[in-house]
Amino acid sequence: GHRRAMTRLLSGVALAATALVAILFLPVQALRALASLVAALAAYEYIRIIHAGRSAPGTVPLLLLVAVTAWWMFAPSPNNFLALLLAGVAWVAIEVVVRGMPIDLAAARFFAPWYIGMPLGMLAAIHALGGSVATLLLIATVVISDSAQYYCGRLFGRHLLAPAISPKKT
């Protein structure tokens, strides 16, 4: 209850402070490397969630693909997108045909580089192009929007949108 909420709040504040220091003081290439590392860590959590605690084969190569995607998105090119798409399609085919993985799980794993690696790499690219002010403005916009949606939902929401996916979302 209360203790868990306090732990989440304190860890969120610590994470936000760390991100702020990194955005304000790290050189561009160091921030790019940090974005790749954070993408791999986030992908690890994502994979744990989609596998629901079961063993996840081929996790290390997938984490590397997510980190490389974040690195590439710093300076995206059509060739990077095509290479990522082809690698992903081959990845899904191997997981389904060779490993016998259900296609929905293989597709969810394929989504990790796009869902996690791309945005974090592009965030580092925004920092390189627009500096720390542009990066912080983007993050602040997302935080304020997310918070406003939450509080409007709490204040005005009456009907659950998708109880199976998000039990309290109105």
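Everything discussed here concerns the structure shown above.
Residues numbered from 1 in each chain as written. Predicted model: local features only at pLDDT ≥ 70, side-chain atom pairs only at ≥ 80, totals over all residues. Heavy atoms only, no water.

Novice: Sorry if this is basic, but what is going on with a nonpolar patch on the surface here?
Specialist: On the surface, Leu 26, Leu 34, Leu 37, Val 38 and Leu 41 cluster together into a nonpolar patch covering about 390 Å² of accessible area. In this fold, Leu 37 is placed in helix α2 (residues 28–50). (Patch = residues over 30% accessible without salt bridge, like charges linked within 9 Å, V, L, I, M, F, W, Y side chains within 5 Å. Areas by Shrake-Rupley, 256 points an atom, 1.4 Å probe, with all protein chains shown as cover. Salt bridge = Lys/Arg side-chain N within 4 Å of Asp/Glu carboxyl O. Helix = DSSP H or I, 4+ residues; strand = E, 2+ residues; numbered from the N terminus.)

Novice: What should I look at first to understand the layout of surface pockets in this one?
Specialist: Where empty space is left becomes clear once a probe the size of a water molecule has been rolled over the atoms. One number sums up the size of the largest pocket: a volume of about 1,200 Å³. What lines the largest pocket is a set of 28 residues, among which Leu 15, Ala 19, Val 38, Leu 120 and Leu 123 lie closest to the centre. Broken down by secondary-structure element, the contributors of at least two residues to the lining of the largest pocket are α1 (2–25), α2 and α5 (103–156). Broken down by element, the residue count for the lining of the largest pocket peaks at 12 residues, all from α5. Classifying every residue of the lining of the largest pocket by side-chain character gives 24 nonpolar, three polar and one charged. There is about 410 Å³ of room inside the second largest pocket. When the residues that make up the lining of the second largest pocket are grouped by side-chain class, the tally is one nonpolar, five polar and four charged. (1 Å grid on protein atoms, 1.4 Å probe; cavity = no way out; pocket = protein on both sides within 12 Å on 5 of 7 lines; lining within 4 Å. Points joined across faces, edges and corners; volume = space filled by probe spheres on them. Nonpolar A, V, L, I, M, F, W, Y, C, P; charged D, E, K, R; others polar.)

Novice: Which parts of the structure should I look at to understand the nonpolar core?
Specialist: As a rule of thumb, nonpolar side chains are buried together in soluble globular proteins. Counting 15 residues, the largest nonpolar core has Val 66 and Ile 116 as the members making the most contacts within it. Breaking this core down by element, the ones donating at least two residues are α2, α3 (59–72), α4 (78–98) and α5. Element by element, the count of residues in this core is highest for α3, at five residues. (Core = buried A, V, L, I, M, F, W, Y, C linked by side-chain atoms within 4.5 Å. Buried < 20%, exposed > 50% of the residue type's maximum accessible area, 1.4 Å probe, protein only.)

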